[in-house]
Amino acid sequence: MSSFPVDRSFAQDCDAADPLAGFRGRFAIDDPSLIYLDGNSLGMLPLATAKRIAEVVRREWGTGLVRSWAQWIALPGRAGDLLGSCLLGAAPGQVLVCDSTTVNLYKLACAGLGARPGRTVIVTDDDNFPTDRYVLAGIAAERGAELRMIHTDMDSGVTPDAVRAAVDGGTALVSLSHVAYRSGALADMAQITGIVHDAGALVLWDLCHSAGSVPVGLDACEADLAVGCTYKYLNAGPGAPAFLYVSGRLHNALRQPIQGWFGQREQFRMGPDYDPVPGIGRFLTGTPDIAGTAAVEEGARLLAEAGMDRLRDKGQRLTDYLIALADAWLVPLGCAVATPRDPARRGSHVCLRHPDAWRIGQALIHEGVIGDYRTPDRLRLGPTPITTRYTDIWDAMDATRRILAGKGYEDFPAEPAQVT
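No experiment lies behind these values; they were computed from the predicted model shown.

(A) Geometry of a nonpolar patch on the surface. A contiguous nonpolar patch, built from Val57, Trp61, Leu65 and Val66 and spanning about 430 Å² of accessible area, is present on the exposed surface. Residue placement: Val57 occurs in helix H2 (residues 47–61). Take Val57: its relative accessible area is 39%, and that puts it in the partly exposed class.

In structure tokens:
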């Protein structure tokens, strides 16, 4: 267990020495008193992104009109290469910004299953993000495959031993999250990928909660496939296009199931038959979201400037500090830490377990501290290294302590309102 001084002056000293402190001023922060610990759901708006989108809308679209396609056409690959080189450990020509995470997951899972003829088993874990499980279940039903579920501890995440026990000669594809969406547990990508390959299968990684928060070495781990969203740590905005990774060794071996015109060779000949372009471009589908992809590029540039090593170091320090204050102040009041304590085993968010987690979260929002809730009883707090201060952690934990001690959460509904 890490030990930190509990007085606020320690947090102030950490902020004064923080090499990333200057980046906070490059984001739109309209309410300086707000403590935002939900960047693992939706990142803040970089000022450069607002300027870039305005330029895309007013000059490139408004003035350039269709003439701007000459510069837009390469944007999905250019933004993908920036993500790959700076954040994902992927050489050029293996990452594209396109579609949504769900659509990309469907494309790559279908392609991976099809690349292993005679094998009919897809493996995932029962605490994987819902869209992953739903998509894989749909593919299994459509293709007559078996979806095999690994039972995973909600707090500690999927383990190499559990994966080893689940794969066999019938396994075609294993699809897992690198960082667990609920607890923040970080999977051992290199070891698990090796286990999957030893079984003759392909592995598909969901990077939604790791891209931009932890170093990802796709090429070094010899990963096969990956998908991820860009509106969390990449700060590309709500509904921004996702990304996909396909290892170069698999480009010509995989069949893209959504045969759209942007993946077609000699696209503007408008030929009668689908003939996919060589390389990563075959995994494009339809016309790309230009404004959204421009936002991805700006977010990636900002994180590249900050440096993934510095972001990871601060993310570990912030979460260590949050856990230490939770141990000192919140555990005696009925909370439990539901995230791995080893900083090497977690991403950049922390879950606290409490029977009234939903109401505590609502009370915190009322106090100007924005986190979020995950079933069944988790308060999820996501410090974002590029914007979160150590004093934000102290103030958030102090507010939580006061709410718990005074039972201030009892003034709020016991469960989320149902949407009808």
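Next comes the rest of the description.
(B) Region of interest: the layout of surface pockets. If you add up the space inside the largest pocket, you get close to 240 Å³. Thr101, Phe129, Cys208, Cys229 and Tyr231 are, among the 20 residues lining the largest pocket, the residues nearest its centre. When residues of the lining of the largest pocket are traced back to their parent elements, those giving at least two are helix H5 (101–114) and helix H6 (130–143). Within the lining of the largest pocket, the residues separate by chemical class into nine nonpolar, seven polar and four charged.

(C) Main features of the nonpolar core. Among the nonpolar cores identified, the biggest contains 54 residues, and Leu83, Leu88, Val163, Trp205, Leu207, Leu218 and Phe243 are the most heavily contacted of them. Top contributing element to this core by residue count: helix H9 (residues 290–306), with six residues. For Trp205, the contacting residues outside a window of four places in its chain are Leu176, Ser177, His178, Ala187, Met189, Ile192, Thr193, Ala223, Leu225, Ala226 and Val227. Cys14, Leu325, Trp329 and Ala396 belong to the second largest nonpolar core, which has 34 residues in total.

(D) Quick look at the sheet that holds strand S10 (residues 350–353). Strand order in the open sheet formed by four strands is S9-S10-S13-S12, and the pairing between neighbours is antiparallel. At either end of the open sheet lies a strand with only one pairing partner, and these are strand S9 (336–337) and strand S12 (372–374). Of the strand pairs in this sheet, S9 and S10 are connected by two bridges, and their pairing is antiparallel. Bridging across to S10, Ala336 finds its partner in Arg353. Along the sheet, helix H10 (residues 308–330) contacts S9, S10 and strand S13 (378–381); its crossing angle with S10, the most-contacted strand, is approximately 15°. Against the sheet, helix H11 (residues 357–366) contacts S12 and S13, and its axis sits at roughly 40° relative to S13.

(E) Highlighting the environment of Gly62. Mapping Gly62 onto the fold places it in the loop between H2 and helix H3 (69–72). Classification of Gly62 by relative accessible area gives partly exposed; the value is 40%. Through-space distance from the C-alpha of Gly62 to that of Arg78 is 23 Å; in sequence the pair is 16 residues apart.

Quick notes on the rules
- Residues numbered from 1 in each chain as written.
- Predicted model: local features only at pLDDT ≥ 70, side-chain atom pairs only at ≥ 80, totals over all residues.
- Heavy atoms only, no water.
- Patch = residues over 30% accessible without salt bridge, like charges linked within 9 Å, V, L, I, M, F, W, Y side chains within 5 Å.
- Areas by Shrake-Rupley, 256 points an atom, 1.4 Å probe, with all protein chains shown as cover.
- Salt bridge = Lys/Arg side-chain N within 4 Å of Asp/Glu carboxyl O.
- Helix = DSSP H or I, 4+ residues; strand = E, 2+ residues; numbered from the N terminus.
- Buried < 20%, exposed > 50% of the residue type's maximum accessible area, 1.4 Å probe, protein only.
- 1 Å grid on protein atoms, 1.4 Å probe; cavity = no way out; pocket = protein on both sides within 12 Å on 5 of 7 lines; lining within 4 Å.
- Points joined across faces, edges and corners; volume = space filled by probe spheres on them.
- Nonpolar A, V, L, I, M, F, W, Y, C, P; charged D, E, K, R; others polar.
- Core = buried A, V, L, I, M, F, W, Y, C linked by side-chain atoms within 4.5 Å.
- Contact = heavy atoms within 4.5 Å.
- Pairing = 2+ DSSP bridges.
- Axes fitted to C-alpha atoms, helices over the stretch in contact; angles between N-to-C directions.

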